[in-house]
Amino acid sequence: GAVVSQHPSRVICKSGTSVKIECRSLDFQATTMFWYRQFPKQSLMLMATSNEGSKATYEQGVEKDKFLINHASLTLSTLTVTSAHPEDSSFYICSARDLRQLNTEAFFGQGTRLTVV
Amino acid sequence: GNSVTQMEGPVTLSEEAFLTINCTYTATGYPSLFWYVQYPGEGLQLLLKATKADDKGSNKGFEATYRKETTSFHLEKGSVQVSDSAVYFCALRGTSNTGKLIFGQGTTLQVKP
């Protein structure tokens, strides 16, 4: 099946610094990538949807200036958590899909465990 | 808006027991329905899906039937194994062309030898 690679898998950063998470589709072109956040023992909450070459669409309550999303190519999207604080500690998961292919589904990355200390 | 509700866990079963994880949804039109599985420390893997009413999705011994009349998509397996221990998420994708998934809260399954 298609592979989505997310990097890093774990990151620990100091409060006030920024962290960048990469999501790559390795063997298909992702017209659309989705970024989710998962709190411990809870479900995935969609943060934003990004389409290649255009600005991301953020879900209600998600700060676009804090969670910067870039989707500059059909194989790479990045999420940058700016000025991270301990409450941003969470598991972030990306998924990628080629919306031009109607019968394919989204594939998920392995996730990134962010800990802000 | 669209939403998904799953039975709360954790669900603890002995090996070879029968599994049911309930999932109901609220949506307009005819959404597509999915079950995803998340093993510890990993991302999500698609387990099975159904795209229209009365469809049955199946994979690795798991099954779920899209029931429009009861707005349900319950996950079942006849004989669970220890390796099935994971978190299971029911999800729907609405009829808009955004492609985004709405997830249930997840159900943790623990299978004991």
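Residues numbered from 1 in each chain as written. Chains lettered and ligands numbered in written order. Predicted model: local features only at pLDDT ≥ 70, side-chain atom pairs only at ≥ 80, totals over all residues. Heavy atoms only, no water.

1. Comments concerning the sheet that holds strand β1 (residues 4-7) of chain A
Residue and element names in this part refer to chain A. Selection criterion: Pairing between strands is defined by DSSP: at least two bridges between them are needed. Runs of E in the DSSP output that reach at least two residues are strands. Runs of H or I that reach at least four are helices, and both are numbered from the N terminus. Each axis is a line fitted through C-alpha atoms, taken for helices only over the stretch in contact, and angles between the N-to-C directions span 0 to 180 degrees.
Spatially, the 4 strands line up as an open sheet ordered β1-β3-β8-β7, and their pairing is antiparallel. The open sheet has two edge strands, β1 and β7 (67-73), and neither has a second partner. Across the sheet, the mean angle separating the axes of adjacent strands is 15° when strand polarity is ignored. Inspection of the sheet shows strand β3 (residues 19-25) paired to strand β8 (residues 76-81) by 6 bridges, in the antiparallel sense. Directly across from Lys20, in β8, lies its bridge partner Thr80.

2. Observations regarding the state of the cysteines
For clarity, the threshold we go by: Note on terminology: disulfide denotes any pair of cysteine sulfur atoms within 2.5 Å. The buried label applies to any residue whose accessible area, calculated with a 1.4 Å probe on protein chains only, is under 20% of its type's maximum; exposed applies above 50%, and partly exposed to all values in between.
Applying the stated criterion across every chain, the model contains 2 disulfides over all chains. With a sulfur-sulfur separation of 2.0 Å, Cys23(A) is cross-linked through a disulfide to Cys94(A). Taking the torsion about the sulfur-sulfur bond, which here is approximately 80°, the covalent link between Cys23(A) and Cys94(A) counts as right-handed. Placement of the pair is Cys23(A) in strand β3 and Cys94(A) in strand β9 (residues 90-97), with a sequence separation of 71 residues. Residue class for Cys23(A) comes out buried when judged on its relative accessible area of 0%. Classification of Cys94(A) as buried rests on a relative accessible area of 0%. The disulfide partner of Cys23(B) is Cys90(B), and the gap between their sulfur atoms is 1.9 Å.

Interpretation in functional terms is not warranted from these geometric data alone.
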